[in-house]
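The residues making up each chain are set out below.
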Amino acid sequence: KAGVTQTPRYLIKTRGQQVTLSCSPISGHRSVSWYQQTPGQGLQFLFEYFSETQRNKGNFPGRFSGRQFSNSRSEMNVSTLELGDSALYLCASSSSGGQGLDTQYFGPGTRLTVL
Amino acid sequence: QQQVKQSPQSLIVQKGGISIINCAYENTAFDYFPWYQQFPGKGPALLIAIRPDVSEKKEGRFTISFNKSAKQFSLHIMDSQPGDSATYFCAARYQGGKLIFGQGTELSVKP
C-alpha cells in the first residue's frame, strides 16, 4: 500500500496570505488528523476528520480550518498567515480513527515558511 | 492534564548500549500509547505501541514498559546502533484520533 502523501512538500508565503495544504491518506483509511510541528512547541494536534466530519479540534485559532472529502482526502487551510505559522504541517491517517490498536501513520509533511 | 512529559531531552549512547527514554502522563482517559521515530526532513514513523492493560511489549530491539499505577511508560532500545540516531516521541491517544505528544528526545548513538 502507498503511504500518506502530502502536497506540496515545501511552500513559501508572505504574511497575510492564505495557504491550502493537501493530504491523501492510506487507501482504506477514513480518519485524517493534522498536526503542527515547530522547534519550540513540538508536535501539536490541529484537528481530526472522520467520514467527512470534524471529530476533534485542538487549541488553534479559527484561521486554521480543514475539510475532508468523500474519498477521505483532506485539505487544511490557513488564512491571514502570520510569521509564527512557519512550521512543518503533518498529516496522519488511520483506519478507524482511534479504536483499539488502530494507529496513526504520518506523511512526510509540508514545510511552510512565512516571510 | 492532557500533557505528556518526556525525558531526557537529549541522550548520547555508545554503540551496543541501551537507550532509555521515559514518559509520564496524568490523564487516565488516554487509551493507547505509541512511540514514533523521526529522522530529519521526514515525518514521524511508528516504532511500537502499547495499550494500558499491558505491562510490557517487545518488538525486536525495542521494548515498551508500562506502569499504569504510576502513569509512566518508557522505551528501551537494546543494542543501540548509529542508525538509531533520531528524535523519538512518545504519545498518548485521547478521544479517538487525537495524539498528545511528548517534547521529544534526540538520541545520538556513537560508534
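See the structure above.
An account of the accompanying structure is given in this report. (Residues numbered from 1 in each chain as written. Chains lettered and ligands numbered in written order. Predicted model: local features only at pLDDT ≥ 70, side-chain atom pairs only at ≥ 80, totals over all residues. Heavy atoms only, no water.)

## Thoughts on the pairing of strand β5 (residues 45-50) of chain B
Residues and elements named next belong to chain B. Bridge analysis of strand β4 (residues 33-38) against β5 gives five bridges, and the strand direction is antiparallel. Within the sheet, the bridge partner assigned to W35 lies in β5 and is I48. Between β4 and the antiparallel strand that follows it, β5, lie six residues; G41 among them carries a positive phi value of about 80°. (Pairing = 2+ DSSP bridges. Helix = DSSP H or I, 4+ residues; strand = E, 2+ residues; numbered from the N terminus.)

## Quick look at the sheet that holds strand β3 (residues 19-24) of chain A
Residues and elements named next belong to chain A. The antiparallel open sheet is built from four strands, whose spatial order is β1-β3-β8-β7. Edge positions in the sheet fall to β1 (5-7) and β7 (64-68), since each of these pairs with one other strand and no more. For this sheet the average axis-to-axis angle between neighbouring strands, irrespective of direction, equals 20°. In this sheet, strand β8 (residues 74-78) lies alongside β3 in antiparallel orientation, the contact comprising five bridges. Looking across to β8, one finds that T20 is bridged to N77. (Axes fitted to C-alpha atoms, helices over the stretch in contact; angles between N-to-C directions.)

## Things to note about unusual backbone geometry
A cis amide bond links T7 of chain A to the next residue, P8 of chain A, at an omega of -10°. With respect to the helices, strands and loops of the structure, P8 of chain A is situated in the loop between β1 and β2 (10-13). Cis geometry is found at the peptide bond from S7 of chain B to P8 of chain B, where omega equals -5°. By the element assignment, P8 of chain B lies in the loop between β1 (4-7) and β2 (10-14). For T80 of chain A, which is not glycine, the phi dihedral falls at a positive 45°. Classification of T80 of chain A as partly exposed rests on a relative accessible area of 47%. The phi dihedral of K71 of chain B is positive, around 55°, even though this residue is not glycine. Here K71 of chain B lies in the loop between β7 (62-67) and β8 (72-77). (Buried < 20%, exposed > 50% of the residue type's maximum accessible area, 1.4 Å probe, protein only.)

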